[in-house]
Amino acid sequence: MHSATLILMLILALLMIIVGGATGVRAFLSIIFNFAILFLNIALIAWGFPALVITSISGLIILATTILWAVMMIKLPKMLSTVLS
């Protein structure tokens, strides 16, 4: 898989890590996860599953993971500082 897409993805990951640090890593992982859900969504619709149901479920999964990532980014550093101090 040595294509332009892979090279651009690696450049994006590198820049996100340089600029954002740990937050950049989490954001990049979130992008990868959302892309995987989108790809699965398209594949399931192409295989004949009902588009509205699949899209609704995918949207709820993406919403839940986005909220979970946000809560983890707010609470996890506070919990770690409390435990380590």
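Residues numbered from 1 in each chain as written. Predicted model: local features only at pLDDT ≥ 70, side-chain atom pairs only at ≥ 80, totals over all residues. Heavy atoms only, no water.

A look at the overall build of the protein chain
- Helix and strand counts for the protein chain stand at three helices and zero strands.
- For the protein chain, the sequential pattern of α-helices and β-strands runs α-α-α.
- For the protein chain, whose C-alpha radius of gyration is 17 Å, the value lies well above the compact-globule estimate of 12 Å for 85 residues.
- Seen through its principal axes, the protein chain has C-alpha atoms that stretch 55 × 30 × 15 Å.
- Looking at the 85 residues of the protein chain, the share that counts as buried comes to 15%.
- Carbon and sulfur atoms provide 84% of the accessible area of the protein chain, an area that totals close to 6,600 Å². (Helix = DSSP H or I, 4+ residues; strand = E, 2+ residues; numbered from the N terminus. Rg over C-alpha atoms; globule rule 2.2 N^0.38 Å. Buried < 20%, exposed > 50% of the residue type's maximum accessible area, 1.4 Å probe, protein only. Areas by Shrake-Rupley, 256 points an atom, 1.4 Å probe, with all protein chains shown as cover.)

Thoughts on the environment of Ile45
- Among the structural elements, Ile45 can be located in helix 2 (residues 22–46).
- Considered as a pair, Ile45 and Thr55 are ten residues apart in the sequence and their alpha carbons are 8.7 Å apart.
- Ignoring any residue separated from it by four or fewer positions in sequence, one finds Ile45 in contact with Ala51, Ile54 and Thr55. (Contact = heavy atoms within 4.5 Å.)

Focus: the side chain of Ser58
- Secondary-structure assignment places Ser58 in helix 3 (residues 51–84).
- Assessed through its relative accessible area of 9%, Ser58 is described here as buried.
- Excluding anything up to four places from it in sequence, Ser58 contacts Ile37 and Asn41.

Quick notes on helix 1 (residues 4–20)
- Compared with the 24 Å implied by 1.5 Å per residue over 17 residues, the 24 Å span of helix 1 between its first and last C-alpha is a close match.
- For helix 1, the complete set of buried residues consists of Leu6, Ala13 and Met16. The buried side chains of helix 1 occupy one side of the element, clustering within an arc of 90 degrees when seen end-on. In helix 1, the exposed residues that point more than 90 degrees away from the buried face are Ala4, Leu8, Leu14, Ile18 and Val19.
- Looking at the buried side of helix 1, the elements it contacts are helix 2.
- With its phi angle positive at about 65 degrees, Gly21 sits one or two positions after the end of helix 1. (Expected span 1.5 Å × (residues − 1). Arc of directions from axis to C-beta.)

Here we look at the packing of helix 1 against helix 2
- Close contact between helix 1 and helix 2 brings their axes to 6 Å; oriented N to C, the two are set at 145 degrees. In this structure, helix 1 meets helix 2 at a crossing whose hand is right-handed. Packed against helix 1, whose contacting residues are Met9, Leu12, Ala13, Met16, Ile17 and Gly20, the element helix 2 presents Ala22, Thr23, Gly24, Val25, Ala27, Phe28, Ile31 and Ile32 at the interface.
- Tallied by class, the residues present in the contact of helix 1 with helix 2 amount to eleven nonpolar, three polar and no charged. (Axes fitted to C-alpha atoms, helices over the stretch in contact; angles between N-to-C directions. Left-handed = near helix turned anticlockwise from the far one by under 90°. Nonpolar A, V, L, I, M, F, W, Y, C, P; charged D, E, K, R; others polar.)

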